[in-house]
Amino acid sequence: FYLTNVRTVLFFRAVESQNEGQCSPVDSLWRRYSEFELLRNYLLVTFPHIVVPPLPEKRADFVWHKLSADNMDPDFVERRRIGLENFLLRVASHPVLCQDKIFYSFLTQEGGWKEMVNETGFQLKADSRLKALNATFRVKNPDKRFTELKHYSDELQSVISHLLRVRARVADRLYGVYKVHGNYGRVFSEWSAIEKEMGDGLQSAGHHMDVYAASIDDILEEEEHYADQLKEYLFYAEALRAVCRKHELMQYDLEMAAQDLTSKKQQCEELATGTVRTFSLKGMTSKLFGQETPEQREAKIKVLEEQIQEGEEQLKSKNLEGRDFVKSAWADIERFKEQKNHDLKEALISYAVMQISMCKKGIQVWTNAKECFSKM
């Protein structure tokens, strides 16, 4: 992917506050797809409360059978380039992401930005999939809003997937219908060769049919751009789930910290009163081998009291962190919803306008053919 100076200037306007005292940007630079992946992974870990824009697909999916699925196909490479440019525009227009220094260096530095990313240690902060999955199934008090959002993202992904499959099937049928019209052109041309009075009209009508049959290639190529807009929100569904998973993980950690604190308080109370409320291995050991001395008990109580104080501070900190996450995440989710509603509305309207235009062209072809027949 090639970043030209024009695009870089555009991004500078989004992050110009960071440009003071720094050198001018390079006129242009190259970026591999893997570098975009590295940037996005960094953003996901660094800003877990944000619905991070997705990257375009690396390999073509939901394609109709006449379209090349080769990831090196020039048309696909161009669409992916547009998708990568759109990703950068999404990040640059985000009120928080656009201020990130790593993103700034991605746009401005030919080399060295990868080292800056690795120095942040973001890989160590990334939550493991197993840990996130464990939190999903073991969290006891999930936030209803995030649970509903997670279900919505699953349904959105399912609906858009079905829509893209329907569109691919329609494209297959449409391609066949248009190409079959080329047979009209061939037949009219052959017919014109044996007719004197009707020859010119038939030949002209055949030409219109040939043009009509050939037009489907450009039409379906244009359709792919609308399909790519839908695919962006297909991939956005996973970005929504990432925010929900992070909240589940934070809620699970909070519940585990509260459970651990309750357990320590109970242990401290049992040692202080000399009563055991629940069955424990330590309780059985005490009965078998004798009670602890008062000094040992006091030492254990002191340790537990210190752990309880530390646990209460951690619990308070996790509660505060959780509230801040929910507030920030929900603000960004609302921003995303507005963006989604606007973008999908525009995409569907544009797609409908394109279909209307295509039908009008078909009507015009047959109108021209009718005029040719009338002149025979």
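All figures in this text were calculated on a predicted structure; none of them were measured in a lab.

Procedures and definitions
Residues numbered from 1 in each chain as written. Predicted model: local features only at pLDDT ≥ 70, side-chain atom pairs only at ≥ 80, totals over all residues. Heavy atoms only, no water. Helix = DSSP H or I, 4+ residues; strand = E, 2+ residues; numbered from the N terminus. Buried < 20%, exposed > 50% of the residue type's maximum accessible area, 1.4 Å probe, protein only. Contact = heavy atoms within 4.5 Å. Areas by Shrake-Rupley, 256 points an atom, 1.4 Å probe, with all protein chains shown as cover. Axes fitted to C-alpha atoms, helices over the stretch in contact; angles between N-to-C directions. Parallel < 35°, antiparallel > 145°, perpendicular 65-115°, else oblique. Left-handed = near helix turned anticlockwise from the far one by under 90°. Expected span 1.5 Å × (residues − 1). pLDDT = per-residue confidence, 0-100. Arc of directions from axis to C-beta. Patch = residues over 30% accessible without salt bridge, like charges linked within 9 Å, V, L, I, M, F, W, Y side chains within 5 Å. Salt bridge = Lys/Arg side-chain N within 4 Å of Asp/Glu carboxyl O. Lys, Arg positive; Asp, Glu negative; His and termini not counted. Charge placed at Lys NZ, Arg CZ, Asp CG, Glu CD. Phe/Tyr/Trp six-rings, centres within 6.5 Å; stacked < 30°, edge-to-face > 60°. Polar contact = N/O pair within 3.5 Å; in protein donor to acceptor, adjacent residues only side chain to side chain.

### Considering the overall build of the chain
Across its full length, the chain holds 12 helices and 2 strands. Along the chain, helices (α) and strands (β) appear in the sequence β-α-β-α-α-α-α-α-α-α-α-α-α-α when read from the amino end. Evaluated residue by residue, the chain yields a buried proportion of 40% over its 376 residues. By sequence separation, contacts in the chain at least 24 residues apart represent 82% of the contacts at least 6 residues apart. Carbon together with sulfur atoms contributes 55% to the accessible area of the chain, which is approximately 22300 Å² in total.

### Description of the packing of helix 2 (residues 33-46) against helix 4 (residues 101-108)
With their axes 10 Å apart at the nearest point, helix 2 and helix 4 run at an angle of 165 degrees to one another. Relative to helix 4, the element helix 2 lies roughly antiparallel. As for how helix 2 packs across helix 4, the hand of that crossing is left-handed. Judged by residue contacts, Glu35, Phe36, Leu39 and Tyr42 of helix 2 engage Ile102, Phe103 and Phe106 from helix 4.

### As for helix 2
Between the first and last C-alpha of helix 2 there are 20 Å, a value that for 14 residues agrees with the 20 Å anticipated at 1.5 Å per step. Within the span of helix 2, buried status applies to Tyr33, Glu35, Phe36, Leu38, Leu39, Arg40, Tyr42 and Leu43. Against strand 2 (29-30), helix 3 (74-92), helix 4, helix 5 (113-119), helix 6 (122-125) and helix 10 (216-273) lie the buried residues of helix 2.

### Concerning the confidence of the model for the chain
Close reading of the predicted structure is inappropriate where its pLDDT is low. On average, residues of the chain score 83 in pLDDT, and 82% of them reach the 70 mark or higher. Confidence, expressed as mean pLDDT per element, reaches its minimum in the chain at helix 1 (residues 5-14) with 42 and its maximum at helix 2 with 93. When the criterion is pLDDT under 50, residues 4-19 qualifies, and its contacts beyond four places in sequence or with other chains add up to 32 contacts.

### Focus on helix 9 (residues 199-214)
Given a rise of 1.5 Å per residue, 16 residues ought to cover 22 Å, and the 23 Å separating the end C-alpha atoms of helix 9 matches this to within 8%. Turning to helix 9, its buried residues are Gly199, Gly201, Leu202, Ala205, Gly206, Met209, Tyr212 and Ala213. All buried residues of helix 9 fall inside an arc of 160 degrees around its axis, so they share one side.

### So, a positive patch on the surface
Residues Arg32, Lys58, Arg59 and Lys114 make up a contiguous surface patch of positive charge. Relative to the elements of secondary structure, lysine 58 occurs in the loop between helix 2 and helix 3. Given a relative accessible area of 36%, lysine 58 falls into the partly exposed group.

### Points about the packing of aromatic side chains
Going through the model one piece at a time under the given rule, you end up with 14 aromatic pairs. Here tyrosine 184 and phenylalanine 188 contribute two aromatic rings whose centre-to-centre distance is 6.1 Å and whose plane-to-plane angle is 15 degrees, an arrangement assigned as stacked. With a gap of 4 residues between them, tyrosine 184 and phenylalanine 188 both fall in helix 8 (residues 144-192), about one helical turn apart. Given a relative accessible area of 40%, tyrosine 184 falls into the partly exposed group. A centroid spacing of 6.0 Å and a plane angle of 40 degrees characterise the contact between tyrosine 233 and phenylalanine 336, whose relative ring orientation is tilted.

### Overview of the environment of asparagine 41
Structurally, asparagine 41 is set in helix 2. As a C-alpha pair, asparagine 41 and alanine 126 span 85 residues in sequence and 9.0 Å in three-dimensional space.

### Points about the side chain of aspartate 343
Along the polypeptide, aspartate 343 turns up in helix 12 (residues 294-374). In this structure the side chain of aspartate 343 is engaged in a polar contact, spanning 2.6 Å, whose partner is the side chain of tyrosine 233.

### What to know about the pattern of salt bridges
In this structure the tally under the stated criterion is 21 salt bridges. Residue arginine 81 pairs with glutamate 78 through a salt bridge whose shortest N-O separation is 2.9 Å. Of this pair, arginine 81 and glutamate 78 both sit in helix 3, 3 residues apart, roughly one helical turn. A salt bridge links arginine 167 to glutamate 223, with the nearest nitrogen and oxygen atoms 2.9 Å apart. Note that arginine 167 is positioned in helix 8 and glutamate 223 in helix 10, a separation of 56 residues in sequence. Like glutamate 223, arginine 167 is buried. Among the charged side chains, a salt-bridge network with shared partners connects Asp154, Glu238, Arg241 and Arg245.

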